[in-house]
Structure formats: C-alpha cells, structure tokens
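# Breakdown of the fold
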2 protein chains.
Amino acid sequence: MNGAELMVQTAAAAGIEVCFTNPGTTELPLVEAFDTVEGVRPVLGLFEGCCAGAADGYARLTDKPAMTLFHLGPGFSNAIANLHNARRARSPVLNIIGDHATWHQDADAPLTMDINALARTVSGWTRTGASIEALSRDTAQAIAAAREGCVATLIMPHDIQWSEISHQVIHRVEQAATLVDVDLIKHAANLLRQSEAAVMVLGGRALRQEGLKTAARIQNKTGCALLSETFPAHMARGAGLPAIERIPYAPTAALNLLSQYDSIVLAGAKAPVAFFGYRNGPSRLLTADQKSVDLEMMGSTHIQISLESLADALDAPQSSKIGGNASTRIIRPKPQSGSLTPKKIGAVIAALQPENAIVVEEAVTSGVGYYGVTSAVPPFSLLTLTGGAIGQGMPCAVGAAMACPDRPVIDFQADGSAMYTLQALWMQAREGLNITTLICANQRYRILEAGIAQTGNLSPGVYTRSLTDLSNPSIDWVDLSKGMGVPAVSVETVEELTRHLGKSLNEPGPFLIEMRLG
Amino acid sequence: MNGAELMVQTAAAAGIEVCFTNPGTTELPLVEAFDTVEGVRPVLGLFEGCCAGAADGYARLTDKPAMTLFHLGPGFSNAIANLHNARRARSPVLNIIGDHATWHQDADAPLTMDINALARTVSGWTRTGASIEALSRDTAQAIAAAREGCVATLIMPHDIQWSEISHQVIHRVEQAATLVDVDLIKHAANLLRQSEAAVMVLGGRALRQEGLKTAARIQNKTGCALLSETFPAHMARGAGLPAIERIPYAPTAALNLLSQYDSIVLAGAKAPVAFFGYRNGPSRLLTADQKSVDLEMMGSTHIQISLESLADALDAPQSSKIGGNASTRIIRPKPQSGSLTPKKIGAVIAALQPENAIVVEEAVTSGVGYYGVTSAVPPFSLLTLTGGAIGQGMPCAVGAAMACPDRPVIDFQADGSAMYTLQALWMQAREGLNITTLICANQRYRILEAGIAQTGNLSPGVYTRSLTDLSNPSIDWVDLSKGMGVPAVSVETVEELTRHLGKSLNEPGPFLIEMRLG
C-alpha cells in the first residue's frame, strides 16, 4: 500500500464518501488510489472554486466533510474564496493538497508557492504530512478537526503519496466528547428569566429544524424574541417552524432592531457586527450596556445540546405548540403577472418550490422579496452566502444536490455572482443533478450602484458607471448554459417563469432559466 | 482631495494608464476617483483571475505596471493564480486591495481575511496603507518596486480612501539606478573564453529582440550555445533572430541537454530545475562540477545592460550577422490537410501568423508542434505559461491586446486551461480587442493521461479515467463564446482552420475558433 492509498482508506473508514477535485501531476497517486481503495468517489470540477463550493454545499446538508483534492498552491488558491464561505459557514471540509516531493521543494520550481500560508487563511487546522508513518494519523486528525466545524487542510508531498508502507494502521476518527457547561447554561437561563427584553440570536446549526423547535420552546417559556444571523449557512424554514427574522444587512437597520433588547443570548451565532464599516457607521452592533452570553463556548457543532440544556434548565415544556408567529398552515404567495421584478420572482419561487426543496440563495439585491414570503411555504432548507465571497451559489447547489439526490435544488442566483463560477454548470450536467438555476439577469452590479448612491453620488461618472455595468456585451445565459450541457431558456414575464420553473421542478436533471430584468 | 484620488493621481503621475478591476463596496472611493482624477482608465473584468492575467499580459508587452483593484481578501484570492504566473514572469504589477475601514478590522466581519498573508504569497512588495499622509509615498514606492520586475501589493483601508487631505504632495517614482558589476561581467567573460562547451541560458527580458541580438554577438565571438528557459514570459522569435532552443520540460531530456556543457552563464534565467520532481528523477538540472555565473545578480530588469557589458568585455563585434542557425529568409511551414492534430495546428498558425503578431501559447500538450516551426516566420512575440497556474492564456491575451492595439493577438489555448478563466472572452468583446482564440478541444487533460502512463499505469481505472476526461458533457466553445459576445466557429479540418484563421486575422475584434481534435 502506498501513502495515497493509506490516506484514502483512512478517509473512507471515517465515512468520507466523495471528493471534489481538479488534480494535477503532484496528485496522481491519490487519483489512482480512488480506484484501488474502495469508498471515496472522486468528482471532477473544471475549476477549483467550484470544487470548494460543492464541498461547502455538501457539508451544509450532511454535517460531514467531503474531501477536496487540489494541485499545489495555484490550484488551492483558486479554491480560497469558496473555502472562505465554508469557513464562515463553519462547514466541515477536508482539503488535501498535493505538493512537490519533499526533496524538490527548495528548488523553487515554477509551481512552488507558500501553500501553508495560503491554507492558514481559511483553515482552522493545517498540517504538512511529514512522513508516511504519520499519514493515517494526520488524516484522521484532519477529519476530526473538520467535523468540529472547520476547514481542515492536509498538505501531502508527492513522494509521501507514492512511498510504500507494509505495516500500515488505519487510524479511526474519534467522536469528540460533548460537555455541557452547566454554569454557562445557568447564566443564560437567568438572563432570559430576568430580562425584560431578551433576544436569542440563532446561527449555524441552531437554525436547523431541531434547533428552531428547541428555540421555540425557550421562547414559549420566557417570551424572548428570536432572530437569525444575517446570512445563515443552512436554515430550516416554512410552515410548522418558527418564522424567524434575519438581522438586517444594513448596519443602521440592524442596530435599530438590536437596540430594542437589553439581553442577548447567542446560540450558534457570533456577536453581530456590521457587514461593512461605513463612514460614521457602527462596527459592532451590540452596545456595552447590553448583557450577552454566548452558548457557543462549547463548540459550534454542539449547539443543539446547549439549546436543549437551556430549555431544560428553564423548565420549558416539550410542547407541540410552536413559537410566536409560526404558521402550521401552508401559505404561499400568489404570483403576480407581467414583466419580472425581484419581488415578483421571489413570489414565483415561493409559490412553486416543492416540500423539502433546498434553496440556495445568492441573488444579492434581487433576493430582497423572497425571504419574507417563505415563512409558511412547505418546509425547506435555505442556504445563503455566508462569507460574502461571490460565486458561491452554483457550486454550493452542486454539493447540496449530491448530498441529497432525492431533494430538488433551486439556485436563486445573481448574474454577476454566477459569472464567477459558471463552470459549476458543467458539473451539474455531468452528474445529472436535479438543480434548477434561476439567473437574475439585471446585467449590473446593483449592490455597487446602491453603495455609490448611498455615499451621496447621484450622478456617477462614465468610469464609475462602466464598472457596475454588465450589459455591454449582454451575457447570454442560455448560450453559456447549453455550452456546458445544461438545457436553458430565457424568460421575461411571470407567466413564462411560472411555466418553466414548474416544468423544471417536475423533471430530473439540471435546467437553467435566465430571468431578464428591466 | 481624498485618499482614493491621491492614490490614483500618484499612479497616473508615474505613468500608469490602465486598471483591471472587479471592485466592491470597500473600493468605491477608488472607483469614483477614476472619474475625478485624470489618467487611469479602469477596465472591468467579471472575475479577478482575468484581471490579474490581463495585468500580466500588459506588463509583458510594455515592461510597465498596470494597476489592478480587488475587493478584500476573497476578491484578491481569486487573482492569486494568475499573479503567481506574473510573479514567475517577473512582470511589474501594482495591486491595490480595498480593506475594511481601520476601525472595523477587528470586528471580524464576514469578508474579513488575512489579506497580508495572501498578498505575500505572490508579491515581492506588500504594505498596508497606514495613513493618508503616507499614501502617495506608499503608492510611489509600490510602483517603484513593481518596475523592478515584481508584483507589488498595497492594501488600502476603506477609511483611508475616503479621508480628505488638503496639503497633498504627489510623490514621483524615481528611476532605479543601474549599476554594472564589473567583476561579475569579467568573471562571466572569462568563463565563456576559457570553457570548451559553454552555454548561455537566456530568460526574462534577455529574450527580447535586443537581448537575443546581443546574445548572438556573444555567441559569434565565443562559440557558446544559447538556450532559453523553458517557459519564456515574452520571447522575440522569427526570421532575423537567433533560433534558440528551449530547455525541455521533461527533466531527463533537460538534464541530457544541459550535461553537454561545462559552463553556464545565466542571463535573466534562473538556474534550471525540474518542473516536477519525479520518482528517481532529478531536482536541480545543473551539477556541482558545472561552472556557472548568474548575470542577474544586478536585477532582472537590467539584464540587457549586463548582456551588452558582457559582449563589450568580450570585444564581440557589433555585427549584422546573426548567430548560429538563424535565418534571415522567411520560412513558413506548409500546412497539411485533413483532420486536425496538434502538429498540423501548429503548422497552420505558423503559416498564417502576421508579422509582429503576439502569440500567447497555453496549448499545453497540444502546443508541441508549434515552437519548432516558428524559427523563421516573420518576427513575433511569444508569451507562455510561466508559473504553471493554468487559466493564463485568455486573460493574458486581453492585456497584450490592450497594451498593443495595433498588433494582432493569437491565443493558442488548451481547452482544460481555457475553462479556468473563460470570463476573459467577455472582456475581449467589451473592449473590442483584436484577439483570435484557438481552442484545442481534445476534451481531456492529456498531460495527466501522459503522467499516469509515465508511472507505468497503462490501464487506469474508471475513476482515474474520469478525472482526465472532459467529454461528458462535451463543452461547446461556440456557445460559450457567443454567450459572452465573441463570435465563434467550430472546425475539424486543416482547410476549415486555415480559412477561418485567415479571415479572423484580417478582421478587427475578437473571434474564437474551436478546433475539434479526435
């Protein structure tokens, strides 16, 4: 057995099933190991950013790591933006990077880079494999770290992959112990009991069905408000679940909302901060006179246990009644008609999305109308842009569809962002994934136009306008999609969108709808 | 005047004319400054890797930096692969990265990353702007560093961009002094005189017309051989110039070639090393008993002065006679006919390329036949993949065409590599650039297939084969190209290719030809 086989076998033994990859020469022993060792299926992507986004999407649905395999520093660098999103989503991801043979590294060959420095910018765990003897242990430790909700990166020199070992031991990945910090729970319970205006800010895995239901128990008992972090990695939403408001993206609006509360319990969410620091704007969104407690001090992957401990400490009854404004009845918006607007698009999606759908939302400014009309649609999973690195939606949809082949995936997607990682369409076609991509073709970076107007510049100059304009030439998403094997149509009205989306959701395989916005 | 305007004015005063960018909110003051300060024209790219590749291409033709402008860590990370190629090409590039406002950085907002760590992996000069007072000096120093042949990265916090300054001074960029190391030149001259089998390995700017002619003087005087580094950033080639062999990519072949020489003069090239370290293969390609001297100790941008000093020290006559095997007569290969092969494609290009063409070659395995048949075609510039980070060709062509609007650009391009940065086609259409893209559509990563065969695996398994196969689904480059506004055709024979390439070279604007290879 060689090092590559030992690595893959350790990963397979730890339950890793898929590897998103674009390999090169220094990864060839690992490529071949997928054939000689059973258990891990490699999936080719034509750009590393697509592989990383797919691994993130897969992790958000399964809570377990996919493996990625990248070619030295340059290959890995292409994955960084979406690994940054994965890091902010606290998605478990196991990156393997092939490096030059140990004895070739100081020759500074053309592809040589400081891979360690690159890896550390997005990884909670980074190591360079030092020997074949340590390789199975290194792999198991990387997977254990990833499972705790981080990007873990193991750099494997080429010669360690091809070296042979005769007495190999496959290291197992141990389950991390879950400890409940009783004092912290007590402290949070007291805060909720004593406060006049308390809010629980949910984030990460606390936004799943179980988390929301436990939060509703706490809400029913204490009367606290519930909010979600602004960009959830994977939120369960719809009828039968508490309808939870997201902290607004605009810092002033967020500050106004949060200032209503004297006490904050953070459950899987970080203390809220402004997305950007504007002139005269705030940075942190909680003030010193607000009391807060962070349940996550026990670790992001254990937040459900913390929530349940908190509910129990409050003697909150196990109730079938769900919290606050939740609806048990299915309510879908009624689509309007005529030419498309962002709001109308949101209503069409909410009107048609099937129960158990996975909706990846990277619609940016075109997404504004959607969230508000989905609180009582049939239950679904909502995945959003956690780290702000655009180009996340299309590959994230790939990973989500591979994780849940029986669930329909809708990718609600801004055109500017989609252009970053359009190669993901090829993966969708190759794997026959059940994804409907909805491109909001407004042909501009609308968020930048808004940002410019916000600074008081109401008649931007020629260059400024050119840098937010995608209309020259106009991007034809039908051509782009067909060019990568995904059938596509272009629509201009609510009626056309309704017809094609309905059809796509009833058919297997990928489909793309370009929605022309005026 | 605000900080953004001060920065742009300093850049314009230093001769910077173009900025390739995909900006975001934290760069908006800089975006607006392109309108309020004259001199720098911003060019939008839909993916940062395309902007970086364009800056590299521009630098290779002009020897001066373009500016880039990127959005925080995630935006910059998308540029790293092509900045790595620029670094290996020793191209002058000035990166400006917007960062969060200084007072917002420790809030760890979603887009926050360790930008410094990312920047240092590709930059010879990195600094974070600390104050508006230092900003013009910082900018001038960055440009001065870039001009010496490196990627220089200046990180500009958002609040420094929008701050106002009343008594600004625009710092000028000083010309670096050129010192000739007389002892080094003497040493090199002696080595060439005394050696029985000497070779001069040319690289970087020594491969330009002037450098090659000076090298030919030295060759005529001393009888030394001339070689080029394997992947030239910008080589002048064709009739009237010494026909110079490139050190082979395969390390064994390279070692065999280099072992013929007892003395090596490095002129703008690094001491040759293996591209990859294979099992039982070499790392460094020069041995301890070979004598070598590196003329570049005086700096890569001054190599022409070193070469001339060396020629003078050798009393090499200024002769009209060019070296060795050079032809003054134009010789073009005669195209064959029928279905396309890499060799036949190379012959068609060499047969048709106009005088003064710029040929960007990222054809990888499909490029094999081309170089050898171009030694006596009308003089042209050849740009290759310096750092091995694929996805360089299409954006490099953008930058080359912008630098030299009067020269036709041919991008000879592998399909797998082209998929990495296909968004560059949109820039080609938007700017109306005179670029003909030739896609070698073999629908596979042939270089990996060769690598697998080379290790003795002659019947690779299902997964291994799947990871080198791009045929399922087949990529339709005509659709992709049209989708981004570049007209395109698909060809299968030499005759069709000849007709369409000839037509494209006679018409302005971009055109793409997909060449289907069996």
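This write-up is about the structure you can find in this document. All figures in this text were calculated on a predicted structure; none of them were measured in a lab.

Parameters and conventions
Residues numbered from 1 in each chain as written. Chains lettered and ligands numbered in written order. Predicted model: local features only at pLDDT ≥ 70, side-chain atom pairs only at ≥ 80, totals over all residues. Heavy atoms only, no water. Helix = DSSP H or I, 4+ residues; strand = E, 2+ residues; numbered from the N terminus. Buried < 20%, exposed > 50% of the residue type's maximum accessible area, 1.4 Å probe, protein only. Contact = heavy atoms within 4.5 Å. Polar contact = N/O pair within 3.5 Å; in protein donor to acceptor, adjacent residues only side chain to side chain. Buried area = accessible area lost by both parts, 1.4 Å probe. Salt bridge = Lys/Arg side-chain N within 4 Å of Asp/Glu carboxyl O. Nonpolar A, V, L, I, M, F, W, Y, C, P; charged D, E, K, R; others polar.

The next subject is the environment of A:G223. Residues and elements named next belong to chain A. Position of G223 among the secondary structure elements: in the loop between α10 (209-222) and β8 (225-228). Look at G223 and you get exposed, because its relative accessible area is 61%. On a C-alpha basis, the gap between G223 and S195 in space is 9.9 Å, while along the polypeptide they are 28 residues apart.

The next point concerns the environment of A:E5. Residues and elements named next belong to chain A. Tracing the sequence through the fold places E5 in helix α1 (residues 3-13). The buried category is assigned to E5, whose relative accessible area is 17%. Taking the C-alpha atoms as reference points, E5 and D35, separated by 30 residues in sequence, lie 9.3 Å from one another. Residues contacting E5, with those up to four places away along its chain left out, are A33, T36 and V37.

Looking now at the side chain of B:N2. All names here are of chain B. Considering the arrangement of structural elements, one finds N2 in the segment before α1 (3-13). For N2, a relative accessible area of 14% puts it in the buried group. A polar contact is formed between the side chain of N2 and the backbone nitrogen of E5, at a distance of 2.8 Å. Setting aside chain neighbours within four positions, we find N2 in contact with I132, Q161, W162, S163 and E164.

The next subject is the interface of chain A and chain B. Taken together, the 97 residues of chain A in the interface contact 97 residues of chain B. Interface area for chain A against chain B, summed over the two sides, is near 8200 Å², with a carbon-plus-sulfur share of 61%. Along the contact surface separating chain A from chain B lie 8 salt bridges. Where A:R430 meets B:D469, a salt bridge forms, and the shortest distance between an N and an O atom there is 3.9 Å. Applying the counting rule to chain A against chain B returns 46 residue pairs in polar contact (both at pLDDT 80 or more). For the side of chain A that touches chain B, the class distribution of residues is 48 nonpolar, 32 polar and 17 charged.

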